[in-house]
Amino acid sequence: MSGAERVSQLQEKLYCKAKQEREFKFYILYDKMYIPYMLEEAYKRVKRNDGSQGVDQQDFEDIEAQGVKEYLTELGEDLRKRTYQPSAVKRVWIEKANGSKRPLGVPTIRDRIAQMVCKMIIEPIFEADFEEGSYGFRPQRSSKDAMKAIKEHLQSGKTEVLDADLSAYFDTIPHDKLQKVLKQRIADPRILHLIELWLKSPVYEDGQYKGGKKQKTGTPQGGVISPLLANIYMHLVDKIVNEPKKLFYQLGIKMVRYADDFVLMGRSIPEQAVKRLSNIVERMGLQLNQTKTRLVKATETSFRFLGFTVRYDKDIKGRNKRYWNIIPSDKSEKKIREKISTFLHESGHYAPPRVAQGLNTMIRGWLNYYNIPAVSYPAMSKRKLRYYLIEKLNRYYNRKSQRRSRLYGQQAFEMLVHKYGLIDPTKYSV
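Since we're looking at a predicted model, the values are computed, not measured.

Caption draft 1: Spatial organisation of the sheet that holds strand β10 (residues 308–314). One open sheet holds the three strands; their spatial order is β9-β10-β11, and the pairing between them is antiparallel. Unpaired on one side and paired on the other, β9 (303–305) and β11 (322–328) mark the two borders of the sheet. Sheet twist, expressed as the mean angle between neighbouring strand axes with direction ignored, is 30 degrees. Two strands pair when backbone bridges link them, and β9 and β10 are joined in this way by three bridges, in the antiparallel orientation. In the sheet register, F305 faces β10, and the bridge partner there is F308.

Given below as structure tokens:
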């Protein structure tokens, strides 16, 4: 039996136990943190996710030069003896579409492996509890499932939508309250202590260390275990919304959530429900962003979710009917154009096959995300993207004329499509 199969078998046992006994607390979990096949599988998953170096400047090539088995044995011994201490988290800033930046924490590979082992152990336990309307960072679930659920709710008449936004969710999760939620299922103090160590890891930025033991809020975006911890804490909201005796359920309100992005949907969402949600969030130590949170009648006003725009459009053939049109948002279209522009700007010396390959990586990922059969309608966006590629590539190769580019003066887009395999967005299907 392979390591992956053994991990899967363990996870299935933990999931079944948690599903069968809703109040059961798991007392002995830490001994699985240093099992060789758990560490080996965690290493494979972390490597598959790739990612940049942490504060120790160590990459996968360094580890493999040292010897993966020896490296994992040493980490396993530190975990077994409980001498393991996480390193600081390197902070980098990622530019957002609106020009602002968001922080991203980059733990060392060593810490990412340890977090991955912990995630593999506790994830199936909490998966047994998670609600149907939660889609982000969960096995066998995706943004496509979330958009499908949104369309189904709209078609069933739940057309009043509270488009909610949490202010800096990952940075504001209170450690003490998160630990209380974890303790509802995890009674092994060694696992809880390990998670606490990661939550309180100092942040390294601009040559300085910040935070550390005095830190009382936040789970760094970028950590392997952070999305799971964020889901575990937000599960409190999911649970209240779906509780039969509570206000939301009685009003027929449903919640669709992807990590910290969520919407409430109902035939009507009264002010009482909005205030109740705000109350719950505040009691959790969080805050609704009042400037971005809005209540809309989706039959009259469009709303955005996970990069999609949802509209109630008139029939394009002029018939007396309307339909729910889910399309890539203007912001997401702008983002792919900017990525293409940046790539072409930085690849002036690339040969045509490499240009096509680089563009295909971006185009394929974008089209795969926004093309959801029987849910979304990205045909117009595909045509706009095709037109942009035609214009951009023709200008790109005409600028290269002094280097006698073979595509100068020709229809560069068509040439790249037919000769070098560039994806034509209008002909691409998932």
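And the narrative resumes.
Caption draft 2: Spotlight on the packing of aromatic side chains. This model, assessed by the stated rule, comprises 15 aromatic pairs. Residues Y43 and F60 carry aromatic rings whose centres are separated by 5.9 Å and whose planes lie at 70 degrees to one another, so their mutual orientation is edge-to-face. Of this pair, Y43 sits in helix α2 (residues 36–49) while F60 is found in helix α3 (residues 60–66), placing the two residues 17 residues apart along the sequence. On the numbers, 4.8 Å between centres and 80 degrees between planes, the contact of Y396 with Y397 is edge-to-face. One aromatic cluster is present, built from ring pairs that chain together F308, W366, Y369 and Y370. Cation over ring: K17 sits above F24, and NZ or CZ is 4.6 Å from the ring centre.

Caption draft 3: How the structure looks around the pattern of salt bridges. In this structure the tally under the stated criterion is 21 salt bridges. Between D78 and R110 there is a salt bridge; the shortest N-O distance is 2.4 Å. Of this pair, D78 sits in helix α4 (residues 68–81) while R110 sits in helix α5 (residues 109–127), and the two are 32 residues apart along the sequence. Between D424 and R386 there is a salt bridge, with its nearest N and O atoms 3.1 Å apart. With D424 in the segment after α16 (412–420) and R386 in helix α15 (residues 379–399), this residue pair connects regions lying 38 residues apart in the sequence. Overlapping salt bridges bring together R22, D129 and R185 as one network.

Definitions and cut-offs
Residues numbered from 1 in each chain as written. Predicted model: local features only at pLDDT ≥ 70, side-chain atom pairs only at ≥ 80, totals over all residues. Heavy atoms only, no water. Pairing = 2+ DSSP bridges. Helix = DSSP H or I, 4+ residues; strand = E, 2+ residues; numbered from the N terminus. Axes fitted to C-alpha atoms, helices over the stretch in contact; angles between N-to-C directions. Phe/Tyr/Trp six-rings, centres within 6.5 Å; stacked < 30°, edge-to-face > 60°. Lys NZ or Arg CZ within 6 Å of the ring centre and 35° of its normal. Salt bridge = Lys/Arg side-chain N within 4 Å of Asp/Glu carboxyl O.

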